[in-house]
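# Architecture at a glance
This is what each chain is made of:
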Amino acid sequence: MRSDVARLRCGETIPLLGMGTYCPQKDRESTISAVHQAIKIGYRHFDTAKIYGSEEALGTALGQAISYGTVQRDDLFVTSKLWSSDHHDPISALIQTLKTMGLDYLDNYLVHWPIKLKPGVSEPIPKEDEFEKDLGIEETWQGMERCLEMGLCRSIGVSNFSSKKIFDLLDFASVSPSVNQVEMHPLWRQRKLRKVCEENNIHVSGYSPLGGPGNCWGSTAVIEHPIIKSIALKHNATPAQVALRWGMSKGASVIVKSFNGARMIENKRALEIKLDDQDLSLIDHLEEWKIMRGDFLVNQTTSPYKSIQQLWDNEI
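Residues numbered from 1 in each chain as written. Predicted model: local features only at pLDDT ≥ 70, side-chain atom pairs only at ≥ 80, totals over all residues. Heavy atoms only, no water.

## Side note on the UniProt feature "active site" (unreviewed entry) in the protein chain
The condition is simple: UniProt positions are given in the numbering used here, feature names are shortened, and annotations may be inferred rather than shown by experiment. Secondary structure is summarised from DSSP: a helix means a run of H or I of at least four residues, a strand means a run of E of at least two, and numbering begins at the N terminus for each.
The positions that UniProt labels "active site" (unreviewed entry) are, in the present scheme, Tyr52. With respect to the helices and strands, the residue Tyr52 is situated in the loop between strand 4 (45–47) and helix 2 (55–68).

## A closer look at the pairing of strand 5 (residues 77–82)
The condition that has to hold: Burial here depends on accessible area, computed with a 1.4 Å probe over protein chains only, as a share of the maximum for the residue type. Under 20% is buried, over 50% is exposed, and the range in between is partly exposed. In this description, strands pair whenever DSSP reports at least two bridges between them. Here a crossover is taken to be right-handed if, once the strands point away from the viewer, the path from the first strand over the helix to the second is traced clockwise.
Where burial is concerned, most of strand 5 is hidden: six out of the six residues are buried. Where strand 4 and strand 5 come together, three bridges link them in parallel fashion. Pairing of Asp47 across the sheet is with Thr79, part of strand 5. The parallel pair strand 4 and strand 5 is bridged by helix 2, and the resulting crossover is right-handed.

## Brief notes about the packing of helix 2 against helix 3 (residues 90–101)
Helix packing for two helices is described by the angle between their axes and how far apart those axes are. Applied cut-off: Each axis is a line fitted through C-alpha atoms, taken for helices only over the stretch in contact, and angles between the N-to-C directions span 0 to 180 degrees. To sort the angles, those under 35 degrees are grouped as roughly parallel, those over 145 as roughly antiparallel, those from 65 to 115 as roughly perpendicular, and the leftovers as oblique. Here a residue-residue contact requires only that any non-hydrogen atoms of the pair lie within 4.5 Å. Gly is put with the polar residues, along with every residue not named as nonpolar or charged; the nonpolar set is Ala, Val, Leu, Ile, Met, Phe, Trp, Tyr, Cys and Pro, and the charged set is Asp, Glu, Lys and Arg.
Put simply, helix 2 and helix 3 touch, their axes get as near as 7 Å, and they point 50 degrees apart. With respect to their mutual orientation, helix 2 and helix 3 come out oblique. Across the interface between the two elements, Glu55, Glu56, Leu58, Gly59 and Thr60 from helix 2 touch Thr97, Thr100 and Met101 from helix 3. Here the contact of helix 2 with helix 3 is built from residues that sort into two nonpolar, four polar and two charged.

## Brief notes about unusual backbone geometry
Positive phi values are uncommon outside glycine, yet Asn236 reaches one of about 55 degrees. Here Asn236 shows up in the loop between helix 7 (226–234) and helix 8 (239–249).

## Looking at the pattern of salt bridges
Going by this rule: The salt bridge definition used is simple: a Lys or Arg side-chain nitrogen within 4 Å of an Asp or Glu carboxyl oxygen.
Scanning the model with the defined rule gives 19 salt bridges in all. Asp295 is the partner of Arg293 in a salt bridge, and the nearest nitrogen-oxygen pair spans 3.5 Å. Here Asp295 falls in the partly exposed class, since its relative accessible area comes to 42%.

## Points about the pairing of strand 10 (residues 253–256)
Because side chains alternate across strand 10, one face comprises the buried residues Ser253 and Ile255, and the other comprises Val254 and Val256, equally buried. Pairing of strand 3 (residues 17–20) with strand 10, which is carried by three bridges, proceeds in the parallel orientation. Paired with Gly18 across the two strands is Ile255, which belongs to strand 10. Sheet analysis places strand 9 (residues 203–207) next to strand 10, joined by three bridges and oriented parallel. Paired with Tyr207 across the bridge in strand 10 is Ile255.

## Observations regarding the packing of aromatic side chains
Put simply, the rule reads: Any Phe, Tyr or Trp ring, taking Trp's six-membered ring, that has another such ring centre within 6.5 Å forms a pair; planes under 30 degrees apart are called stacked, those over 60 apart edge-to-face, and the others tilted.
Tallied over the full model, the rule gives three aromatic pairs. Where Tyr22 meets Tyr52, the ring centres are 5.3 Å apart and the plane angle is 65 degrees; that geometry is what we call edge-to-face. Highlighted residues: Tyr22 in the loop between strand 3 and helix 1 (28–41) and Tyr52 in the loop between strand 4 and helix 2, separated in sequence by 30 residues. On the basis of relative accessible area, Tyr22 is assigned to the partly exposed category, the value being 27%. A residue is classified by how much of its surface remains accessible, and Tyr52, at 14% relative accessible area, is buried. Centre to centre, the rings of Trp113 and Phe296 are 5.6 Å apart; their planes meet at 85 degrees, and the pair counts as edge-to-face. Taken together, the positions of Trp113 in the loop between strand 6 (108–111) and helix 4 (137–149) and Phe296 in the loop between helix 10 (277–284) and helix 11 (308–311) put the pair 183 residues apart, joining distant regions of the chain.

## A closer look at the UniProt feature "binding site: substrate" (unreviewed entry) in the protein chain
Those residues carrying the UniProt feature "binding site: substrate" (unreviewed entry) are His112 in this numbering. Structurally, His112 can be placed in the loop between strand 6 and helix 4. With residues near it in sequence (within four places) discarded, His112 still touches Ala49, Ile51, Tyr52, Lys81, Leu82, Trp83, Ser159 and Asn160.

Below, the structure written as structure tokens:
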């Protein structure tokens, strides 16, 4: 098998380098343009979500590229995510996503967060009265399994699930998740979760592999870290390339978002870097710091999670 892909439990292959399409400005034209650039550079793995507001733009760009003959649908790996207010009906939500994107199927459909919001909530940060009391993950997962049976997607998975939540899901799942997409970078290495996922044949996909610089909640701490910079200097690489290569060296796919052509090329060259044991050991000893904490899903009254520790099951 090629070194730039991983095989999922369902038999699908997932490219290790993915392009994220979350855009705070929800700028349709720049998203379409960036996706066309990415395809020309060689990206084949694209990540979106209903709540990102980029499904339509990504779908338009992919449809155009397919119709131009630039790429074939079978060569693409497309992920989207079930928003928390659609947990009561994943099938309808995915049918709407496919309609929005102009696709017949997704390669990967993920439960975005382990939380259930009231139907119709369309903002990423829910208000206090918009939480459902029960998580209802078992019923939600049954809907996800049905999406798979209906051929609406090729694989199903989760996002932002702790080790405990993975074990809880495996207790009742008829179809185990193929993917768990979580924050993962040299300053948040997910050692325990990666081990649990590996033992259960669940692929880890890392979002914010550079620490999310440029996002309102993100940080430049990863790419500005002196150790990461020194490893980059040693390999005649950039700190971003080192961070991305580190994630891939752990068997994870990495979802990196840049709409800048030069940066896209730089990020893709991470595939060419080889980190040695000394590099990996230095990174393994860095202080850890979770950047996307999910505080917006925690409150003392209506959320099932009364603390950050409860949300992440003490894995933070």
